[in-house]
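Overview (structure and organization)
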Amino acid sequence: MTLRADLETHLANELGGPAIAQELTAILLEETLCWRAPVVAPEQIGTVIAFTFGNRMLPNGNREPGPVNAALADRVAELHRRTGARVFAQWEVAAALRDRVPDAMVTAINPGRDARGEPVYLSTAGTLEESARRTDPPSLGCVGVVAFADHLYRGVTTARRLGVDAFAP
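What comes next concerns the included structure. (Residues numbered from 1 in each chain as written. Predicted model: local features only at pLDDT ≥ 70, side-chain atom pairs only at ≥ 80, totals over all residues. Heavy atoms only, no water.)

**Notes on the sheet that holds strand 6 (residues 142-146)**
Basically, it comes down to this: Criterion used throughout: strands pair if DSSP finds at least two bridges between them. Think of it this way: any DSSP run of H or I at least four residues long counts as a helix, any run of E at least two long counts as a strand, and we number them from the N terminus. Every angle, taken between N-to-C directions, lies between 0 and 180 degrees, and every axis is a line fitted to C-alpha atoms, over only the stretch in contact when it is a helix. Residue contacts are defined here by distance: any two heavy atoms, one from each residue, within 4.5 Å place the two residues in contact.
Taking strand neighbours across the sheet as the criterion, the five strands line up as 5-4-1-6-7 in an open arrangement whose pairing is parallel. The open sheet terminates on both sides in strands that have one partner only, identified here as strand 5 (106-109) and strand 7 (165-167). Along the sheet, successive strands turn relative to each other by an average axial angle of 25°, direction set aside. Of the strands in this sheet, strand 1 (47-50), strand 4 (86-90) and strand 6 touch helix 3 (residues 66-83), which is tilted by about 155° from strand 6. With respect to the sheet, helix 5 (residues 124-133) is in contact with strand 1, strand 4 and strand 5, its orientation differing from that of strand 5 by roughly 135°.

Below is the structure:
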């Protein structure tokens, strides 16, 4: 038996029927037991969407990308070099790309601001939705998602739920 079949059988016995067991099995497999995003060869990527991992606060209160986002930008720059793909990136990665990817190829996704001028948290879905507002979504083609390792699966699956043909490079 497969893991899916074992779970469905067990849950059907526990819950008294196959319908809810099938639904719960799908949720468990997709949301808790899968950690690796589907992958694609970099040569197939037409667009890169890059998610950030925090930022650094400077003593004067300004923010800068920080070392993790600089490393993510390295990956994006390498993908762009290999593919010529356009890039949609949260501002921290976009800022760290400066002078390595032509400005015309990078769309920075910036957070909104609250009443005090502080940035409002930009979620994974929010980043994808803002990217879609900035272009014709079907024109994205095959999308390579760049993100911190623990965020990559969520970035790809969220993009797919929104209709984007997304993969890990």
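**Let's talk about the pairing of strand 4**
Selection rule: Accessibility here uses a 1.4 Å probe with only protein chains present; expressed as a share of the type maximum, an area under 20% marks a residue as buried, one over 50% as exposed, and anything in between as partly exposed. Seen with its strands pointing away from the viewer, a crossover is right-handed when the path leading from the first strand over the helix to the second is clockwise.
Of all five residues in strand 4, four are buried, a share of seventy percent or more. In this region the chain leaves strand 4, passes through helix 4 (residues 91-96) and returns to the parallel neighbour strand 5; the handedness of that crossover is right-handed.

**Overview of the layout of surface pockets**
The criterion, for reference: Computed over the protein atoms alone on a 1 Å grid, cavities are sets of points where a 1.4 Å probe fits but cannot get out and pockets are open sets with protein on both sides within 12 Å along at least five of seven lines; a residue lines them when it has an atom within 4 Å of a point. Grid points are joined across faces, edges and corners, and a volume is the space filled by probe spheres set on the points. The nonpolar class holds Ala, Val, Leu, Ile, Met, Phe, Trp, Tyr, Cys and Pro. Asp, Glu, Lys and Arg form the charged class, and all remaining residues, Gly among them, are polar.
There is about 330 Å³ of room inside the largest pocket. Around the largest pocket, the lining is made up of 17 residues, and of these Thr 52, Gly 54, Gln 90, Tyr 121 and Leu 122 lie nearest the centre. Its residues assigned to classes, the lining of the largest pocket comprises seven nonpolar, seven polar and three charged. Here the second largest pocket defines a volume of roughly 240 Å³. In terms of lining, the second largest pocket is formed by Glu 30, Glu 31, Thr 32, Cys 34, Trp 35, Ala 149, Asp 150, Tyr 153, Arg 154, Thr 157, Thr 158 and Arg 161. For the lining of the second largest pocket, the secondary structure elements donating two or more residues are helix 2 (18-31) and helix 6 (149-161).

**Remarks on the packing of aromatic side chains**
For clarity, the threshold we go by: Ring pairs are drawn from Phe, Tyr and Trp, using the six-membered ring of Trp, whenever the two centres fall within 6.5 Å, and their geometry is named by plane angle: stacked under 30 degrees, edge-to-face over 60, tilted for the rest. Lysine and arginine charges are scored as sitting over a ring when NZ or CZ, respectively, is within 6 Å of the ring centre and within 35 degrees of the ring normal.
The tally for this structure, following the rule as stated, stands at one aromatic pair. Judged by centre distance (4.0 Å) and plane angle (20°), the ring pair of Phe 53 and Phe 148 falls under stacked. Here Phe 148 lies in the loop between strand 6 and helix 6 and Phe 53 lies in the loop between strand 1 and strand 2 (56-57), a separation of 95 residues in the sequence. Between Arg 160 and the ring centre of Phe 167, over which it is positioned, the NZ or CZ distance is 4.6 Å.

**What about helix 6?**
For helix 6, the set of buried residues is His 151, Tyr 153, Gly 155, Val 156, Thr 157, Thr 158 and Ala 159. Where the residues of helix 6 are buried, they touch helix 2, helix 5, strand 6 and strand 7. Positive phi appears at Gly 163, one or two residues downstream of helix 6, with a value of about 90°.

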